[in-house]
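Observations on the three-dimensional arrangement
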Amino acid sequence: MKTPNGWITTTIGDVCDLMTGGTPSRAKKEYFEKGTINWLVSGDINKRIINDCDGKITKLGYDNSSAKFLPINSVMIALNGQGKTRGTVAMLRIKATCNQSLVSIYPKDDKTLLPELIYANLLGRYDEIRRITGDGGNDRRGLNMPLIRNIRFSFPVSIEQQKQIVSILDKAFAAIDR
């Protein structure tokens, strides 16, 4: 497929940083009780726009796990999950961490690539993304960071054109949801 003039074709991994998180030990209630740090799990991805979450961990839980703070405006993608969760994407609009079943995707340079464009692109490619596991319909098989890094991605160089595309796609997805 030929890339239109003024567009770049690359992979997610070439233009984005990917991060995942971790789960504090469930055996230590002090890692969760009265927690104030937002901690996302795969079920949160179904919100599409994440402005809050039920999961919380404590500072002690954060310090004793591989959970990391994710960039606000990250595109979140579920690595696994039964049913329709795997491959589902959402936009993160709050300061949060996550467990290891989610990956944050954020442009290496958000002045040249809008996170919202990545979100719209991946949202529209749900079935394709689920198929890259090569699982032949096995819902138990998951995505992983190398697979996500290698997803081909085309986008216009112009930020203004990216904003126009996002606006058009936002309206289309809203119409589909209705």
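All of these numbers come straight from a predicted model, not from anything done at the bench.

A short note on the sheet that holds strand β3 (residues 37-40)
- The strand order across the open sheet formed by three strands is β5-β3-β8, and the pairing between neighbours is mixed. Each edge of the sheet is formed by a strand with only one pairing partner; in this case those strands are β5 (56-57) and β8 (97-98).
- Pairing of β3 with β8, which is carried by two bridges, proceeds in the parallel orientation. Note that in β8 the partner of W39 across the bridge is T97.

Things to note about the nonpolar core
- I12, I105, I118 and I148 are the most contacted members of the largest nonpolar core, which has 29 residues in total.
- If you look at the next biggest cluster of nonpolar residues, it comprises 13 residues, including I50, C53, A96 and L102.

So, the side chain of T10
- With respect to the secondary-structure elements, T10 resides in strand β1 (residues 7-11).
- Overall, T10 belongs to the buried group, its relative accessible area being 9%.
- Reaching out from T10, the side chain makes a polar contact with the side chain of D14 at a distance of 3.1 Å.
- With near-sequence residues (within four places) excluded, T10 lies in contact with V15, I151, R152, F153 and F155.

Rules of the game
The residue count restarts for each chain, going from 1 along the sequence in the order it is written. Side-chain atom pairs in this predicted model are given and counted only at pLDDT of 80 or more, local residue features only at pLDDT of at least 70, and totals for whole chains, interfaces and linings cover all residues. Think of the side-chain values as coming from all heavy atoms in the structure, minus any hydrogens and water. At least two DSSP bridges between two strands are needed for those strands to be called paired. Each helix is a run of DSSP H or I of at least 4 residues and each strand a run of E of at least 2, with the numbering of both proceeding from the N terminus. Remark: nonpolar core denotes a set of buried residues (Ala, Val, Leu, Ile, Met, Phe, Trp, Tyr, Cys) joined through side-chain atoms within 4.5 Å. A simple rule labels every residue: compare its accessible area, found with a 1.4 Å probe on the protein chains alone, to the largest value its type can have, and call it buried under 20%, exposed over 50%, or partly exposed in between. Polar contact criterion, stated in full: a pair of N or O atoms within 3.5 Å, where within protein one must be able to donate a hydrogen and the other to accept it, and residues adjacent in sequence count only if both atoms are side-chain atoms. Whether two residues touch is decided by their heavy atoms; if any such pair falls within 4.5 Å, the residues are in contact.

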